[in-house]
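Secondary and tertiary structure notes
One-letter residues, chain by chain:
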2 protein chains.
Amino acid sequence: MSNFKIQGRQMKEFYMNLALNEAWKYQFLTYPNPAVGCVILDKNEKILAIKAHEKAGLAHAELNAIAHAFKSLRPEISLPKEANALHEFICKNHQGVFKDSIAFVTLEPCSHQGKTPPCAKLFSELGFKKIFISVKDENKIASGGAEFLKKQGIEVEFDILKEEGKKLLKPFLKWQKGQFKLFKLALSMNGSPFGKIVSNELSRTYAHEIRAVIDLLVVGGETIRKDCPILDARLCKAKAPNLCILSRQNIDNFDKNIPLFKVPNRQIYTQIPSEAKFLMYEGGENFLKIFKDEIDMFLIFQSSSLNDEKNVTIPLNFKPLYRNFLGSDTYGIYEL
Amino acid sequence: MSNFKIQGRQMKEFYMNLALNEAWKYQFLTYPNPAVGCVILDKNEKILAIKAHEKAGLAHAELNAIAHAFKSLRPEISLPKEANALHEFICKNHQGVFKDSIAFVTLEPCSHQGKTPPCAKLFSELGFKKIFISVKDENKIASGGAEFLKKQGIEVEFDILKEEGKKLLKPFLKWQKGQFKLFKLALSMNGSPFGKIVSNELSRTYAHEIRAVIDLLVVGGETIRKDCPILDARLCKAKAPNLCILSRQNIDNFDKNIPLFKVPNRQIYTQIPSEAKFLMYEGGENFLKIFKDEIDMFLIFQSSSLNDEKNVTIPLNFKPLYRNFLGSDTYGIYEL
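A quick note: this is a predicted structure, and the numbers were derived from the prediction, not measured.

Turning to the relation of the copies chain A and chain B, a few remarks are in order. When chain A is brought onto chain B, the operation consists of a screw motion whose angular component is 180° and whose axial shift is 0.0 Å, with 0.0 Å RMSD remaining. This pairing of chains is accounted for by a two-fold axis. Comparing interface residues between copies, 100% of those in chain A also sit at the interface in chain B, which points to an isologous, same-surface contact.

If you want it as structure tokens, here you go:
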């Protein structure tokens with residue numbers, strides 16, 4: 001039995017898939033960092049943790065998963081929250097509990113000291129035996145993690161669900177090089193974008209969490225005139241995003257009592273500034289029709305209800321990159 | 001570390017959820033048996049198998065999972081296919097590999113000799129240590145499995161994700177007592193049921209697999225006249241279902257060249273016979289409008305494409321019981 005060590009491709013892909021799915025839950029929210037997931041197994045291949053990088057400045061996926069695993073193995077020890085302190089604390093107090101452990105990471109562990117210490121070093125300090133990686137890190141600053149691990153005598157295996165790992169990285173690669181444009185659309189099950197509230201609170205909270213990290217929210221004049229929205233991030237209690245209003249009508253002619261104009265310290269643009277790297281477009285059918293060809297990805301929320309409203313009727317074939325559920329809503333991240 | 005044995009509620013629910021999800025993949029296809037899923041962990045809590053009962057007459061979920069686990073532990077041994085032979089073979093040749101193993105089962109293991117030998121006895125013969133169960137079996141013939149296990153000194157813990165386990169059993173409890181009526185609907189992402197082919201081949205194959213086990217497929221005159229369908233189970237190479245045509249028009253007046261009338265040995269009814277226990281309704285907006293209130297569950301396939309067709313506009317709030325993906329399609333099993 002000792003030589004049945006995750007030899008099956010099926011089991012390797014099963015664990016990597018857990019890591020990938022966990023990472024997708026935080027897709028976009030890690031901006032400007034990439035979404036990354038990590039699964040930790042002990043030396044007997046028992047699952048200890050399934051975690052992701054959740055937000056820039058917080059622990060990387062590897063550290064987050066290791067901290068979670070440590071908490072489950074040593075519930076009596078309380079851990080520091082801040083990433084650097086957490087890293088240091090675990091290195092000092094691990095008591096060998098991770099000896100010969102195994103990790104599945106969706107992206108090659110970093111080897112550089114960024115805001116947080118290098119994850120490759122953490123695996124080596126804790127005595128991990130093997131690291132499975134989906135995608136190699138092509139980022140010059142952070143790469144080299146696998147080389148480092150191998151030098152420390154840790155086995156490294158690349159390319160587990162590589163195509164899936166590449167999909168996960170796409171937004172990061174795009175906003176790193178230039179602009180990444182996401183279009184958000186909310187539909188009922190029968191394809192209607194109408195009705196006061198289409199998505200449920202979980203879906204809207206995820207959308208607000210994205211609003212809290214983007215550089216710019218892009219909306220059309222029609223949405224503003226019809227919905228009189230506030231376009232803030234209140235559901236996650238975060239700062240409202242700056243706006244870009246794309247309208248044929250002069251923005252000076254809009255009713256300044258519309259709530260979005262009353263958000264303090266909000267900058268409002270009428271052209272997209274080139275320094276904005278991550279933009280979210282929000283709108284309905286017309287806005288989608290105008291901008292669909294310049295959009296990188298589509299985030300589509302869909303409820304479980306039929307109503308008696310007209311549907312969107314723009315022929316478009318979406319290719320799903322990831323889909324999941326938020327309560328009774330479904331959501332998907334798509335490309336054309 | 002030895003007392004950290006799946007004590008965390010989170011991990012118990014994680015494994016039970018794997019079992020539940022696997023079972024839902026075969027929901028309806030196990031008719032007249034219940035859908036059941038089973039996860040096997042070894043004594044160190046490594047996942048060995050995630051399997052379900054797939055079809056009446058084939059191995060129960062427990063035996064199927066154990067066989068799969070045995071194959072991964074002893075790949076050199078080839079196993080018999082037939083369920084009774086498989087059960088017997090594993091009991092004779094297990095070599096103690098399941099000593100102190102753990103199982104998660106969505107339904108209390110059966111204690112009776114049906115078409116296949118009792119699963120409770122299998123767990124005890126193989127030396128399992130603990131069985132986690134979602135839902136107690138209220139079926140008088142098969143129940144008593146947990147009592148038997150406890151008498152053999154095996155730990156039993158009930159009610160892991162009990163509400164989810166109950167949802168999984170609903171179709172079984174309905175068709176066991178009387179009639180279970182499922183309505184199948186296929187929509188584009190913008191809620192249109194129109195277009196020659198709405199769902200992809202994976203979705204249509206699942207629908208054909210259901211057609212292959214139901215007692216009766218119920219359709220309306222409108223579908224027959226408009227689509228001239230064959231309504232068979234060709235995508236899974238199975239026998240076409242008997243039909244019930246509900247139409248105001250006399251069936252004798254239908255064009256007998258429509259392919260569905262040419263299926264050999266097919267019985268065609270114009271009223272629902274009371275002995276039919278599992279019925280699937282297939283149709284569009286009007287058929288849904290007429291029958292929605294007498295339907296037990298809705299199976300809704302939805303593509304990832306928008307088109308320029310009109311949508312369904314019957315206000316209905318569906319409560320999802322389960323949802324998953326088949327290629328680029330989404331599907332859900334809903335109640336009203």
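What follows deals with helix H1 (residues 9–24) of chain A. The end-to-end C-alpha distance of H1(A) is 22 Å, a good match for the 22 Å that 16 residues give at a rise of 1.5 Å each. Every buried residue belonging to H1(A) is among A:Met11, A:Lys12, A:Phe14, A:Tyr15, A:Met16, A:Leu18, A:Ala19, A:Leu20, A:Glu22, A:Ala23 and A:Trp24, and all of these are buried.

Residues and elements named next belong to chain B. Reading across the sheet, the 8 strands line up as E9-E8-E7-E10-E6-E11-E15-E14 and stay open at both edges, with mixed pairing between neighbours. Strand pairing shows two members of the sheet lacking a second neighbour, strand E9 (268–269) and strand E14 (319–326), which therefore form its edges. Running at roughly 125° to strand E6 (residues 180–187), helix H6 (residues 162–177) makes contact with E6, strand E10 (278–282), strand E11 (297–302), E14 and strand E15 (329–335) of the sheet.

Take the packing of helix H3 (residues 83–93) of chain B against helix H4 (residues 119–126) of chain B next. All names here are of chain B. It is the contact of H3 with H4, at a shortest axis distance of 9 Å, that shows an interaxial angle of 20°. Taken together, the axes of H3 and H4 lie roughly parallel to each other. You can see that H3 and H4 cross each other, and the crossing is left-handed. Judged by residue contacts, His87, Ile90 and Cys91 of H3 engage Leu122, Glu125 and Leu126 from H4. Here the residues of the contact of H3 with H4 sort into 4 nonpolar, 1 polar and 1 charged.

Before going further, it helps to examine the interface of chain A and chain B. The extent of an interface is frequently quoted as the accessible surface area lost upon association of the parts. Each side of the interface is counted separately: chain A has 48 residues, and chain B has 48 residues. Taking both partners together, chain A and chain B bury about 3,900 Å²; carbon and sulfur atoms supply 59% of that area. Among the residues chain A hides against chain B, the three largest losses belong to A:Lys46, A:Leu306 and A:Arg323. Together they make up 18% of the total. Inspection of the chain A/chain B interface yields 2 salt bridges. One salt bridge connects A:Glu45 with B:Lys46, and the closest N-O pair in it is separated by 2.9 Å. Breaking the side of chain A that touches chain B down by element, the ones donating at least two residues are H1, strand E2 (47–52), helix H2 (61–73), strand E11 (297–302), strand E12 (305–306), strand E13 (316–317), strand E14 (319–326) and strand E15 (329–335) of chain A. Looking at the side of chain A that touches chain B element by element, the count peaks at 5 residues for H1(A). When grouped by side-chain class, the residues that make up the side of chain A that touches chain B number 23 nonpolar, 17 polar and 8 charged. When E13(A) meets strand E12 (residues 305–306) of chain B, the two strands line up antiparallel, connected through 2 bridges.

To continue, consider the environment of B:Lys121. Secondary-structure assignment places B:Lys121 in helix H4. Sequence-wise, B:Lys121 and B:Leu149 are 28 residues apart; in three dimensions their C-alpha atoms are separated by 7.6 Å.

Next up on the list: the nonpolar core. Counting 186 residues, the largest nonpolar core has A:Ile40, A:Phe98, B:Ile40 and B:Phe98 as its most contacted members. Not counting residues up to four positions away in its chain, the partners in contact with A:Phe98 are A:Ile40, A:Leu48, A:Ile66, A:Ala69, A:Phe70, A:Leu73, A:Leu126, A:Gly127 and A:Phe128.

The tally for this structure, following the rule as stated, stands at 1 cavity of 30 Å³ or more. Roughly 180 Å³ of volume is contained in the largest cavity. Along the walls of the largest cavity sit 17 residues, with A:Gln302, A:Thr330, A:Tyr334, B:Gln302 and B:Thr330 positioned nearest its centre. Elements with a contribution of two residues or more to the lining of the largest cavity: E11 and E15 of chain A together with E11 and E15 of chain B. Of the residues contributing to the lining of the largest cavity, the split by class is 8 nonpolar, 9 polar and no charged.

Cut-off values and rules
- Residues numbered from 1 in each chain as written.
- Chains lettered and ligands numbered in written order.
- Predicted model: local features only at pLDDT ≥ 70, side-chain atom pairs only at ≥ 80, totals over all residues.
- Heavy atoms only, no water.
- Least-squares fit on C-alpha atoms with pLDDT ≥ 70 in both.
- Contact = heavy atoms within 4.5 Å.
- Helix = DSSP H or I, 4+ residues; strand = E, 2+ residues; numbered from the N terminus.
- Expected span 1.5 Å × (residues − 1).
- Buried < 20%, exposed > 50% of the residue type's maximum accessible area, 1.4 Å probe, protein only.
- Pairing = 2+ DSSP bridges.
- Axes fitted to C-alpha atoms, helices over the stretch in contact; angles between N-to-C directions.
- Parallel < 35°, antiparallel > 145°, perpendicular 65-115°, else oblique.
- Left-handed = near helix turned anticlockwise from the far one by under 90°.
- Nonpolar A, V, L, I, M, F, W, Y, C, P; charged D, E, K, R; others polar.
- Buried area = accessible area lost by both parts, 1.4 Å probe.
- Salt bridge = Lys/Arg side-chain N within 4 Å of Asp/Glu carboxyl O.
- Core = buried A, V, L, I, M, F, W, Y, C linked by side-chain atoms within 4.5 Å.
- 1 Å grid on protein atoms, 1.4 Å probe; cavity = no way out; pocket = protein on both sides within 12 Å on 5 of 7 lines; lining within 4 Å.
- Points joined across faces, edges and corners; volume = space filled by probe spheres on them.

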